[in-house]
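Chain and residue survey
Chain by chain, the residues run as shown.
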Amino acid sequence: MEIKLKLSEVLRINTVLKAVIEDGKVKTDALLKFRLLGIMRSIESHISSFEIIKNEKIIAYGEETEDGVFQIKPDNVNALEQFEKDIRQVLDSEVLIHTRMLKPDEIFDKGLSAEYLMGLYPVIEN
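A word on the side chain of threonine 99
Mapping threonine 99 onto the fold places it in the loop between strand 4 (94–98) and helix 4 (104–107). Ignoring anything within four residues of it in the chain, the contact list for threonine 99 reads Met1, Ile3, Arg35, Ile39 and Ser42.

Given below as structure tokens:
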């Protein structure tokens, strides 16, 4: 199934998925973990593409430090504004992810906190 989401939503979902999967205190069943990993895999290319663009913009608007790392200095207001404008356009763009929505009975009462459930809301069937 194709799901249309803003890239900012996909990044938020990825953060939640990583937190759930890596949180040793969350006890989910094997099937739910499998489904979450599948969703994570379906958004992987969008996350990777965003990281490439973000790094390119940091290099374009930033300066190289003594240790070879590029950064945008907080006092360079013009560069920060341009970086934020460019990144906002990317974050607001819509992308398609190919995955099956999570059914309520697959995700509710499975040991996930309300915070995690809210983060996964865009991929849970109504």
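So that's the structure; there's more coming.
Focus: unusual backbone geometry
Phi angles above zero are rare outside glycine, and aspartate 109 is one such case at about 60°. Of note, aspartate 109 is situated in the loop between helix 4 and helix 5 (114–120).

Focus on the packing of helix 1 (residues 7–22) against helix 2 (residues 30–61)
At a minimum axis distance of 9 Å, the contact between helix 1 and helix 2 shows a crossing angle of 135°. Between helix 1 and helix 2, the angle is such that the two are oblique. For the crossing formed where helix 1 meets helix 2, the hand is left-handed. Contacts from Leu7, Val10, Leu11, Ile13, Asn14, Leu17, Lys18, Val20 and Ile21 of helix 1 reach helix 2 at Lys33, Leu36, Leu37, Ile39, Met40, Ile43, His46, Ile47 and Phe50. A breakdown of the residues in the contact of helix 1 with helix 2 according to their chemical character gives 14 nonpolar, 2 polar and 2 charged.

What counts and what doesn't
- Residues numbered from 1 in each chain as written.
- Predicted model: local features only at pLDDT ≥ 70, side-chain atom pairs only at ≥ 80, totals over all residues.
- Heavy atoms only, no water.
- Helix = DSSP H or I, 4+ residues; strand = E, 2+ residues; numbered from the N terminus.
- Contact = heavy atoms within 4.5 Å.
- Axes fitted to C-alpha atoms, helices over the stretch in contact; angles between N-to-C directions.
- Parallel < 35°, antiparallel > 145°, perpendicular 65-115°, else oblique.
- Left-handed = near helix turned anticlockwise from the far one by under 90°.
- Nonpolar A, V, L, I, M, F, W, Y, C, P; charged D, E, K, R; others polar.

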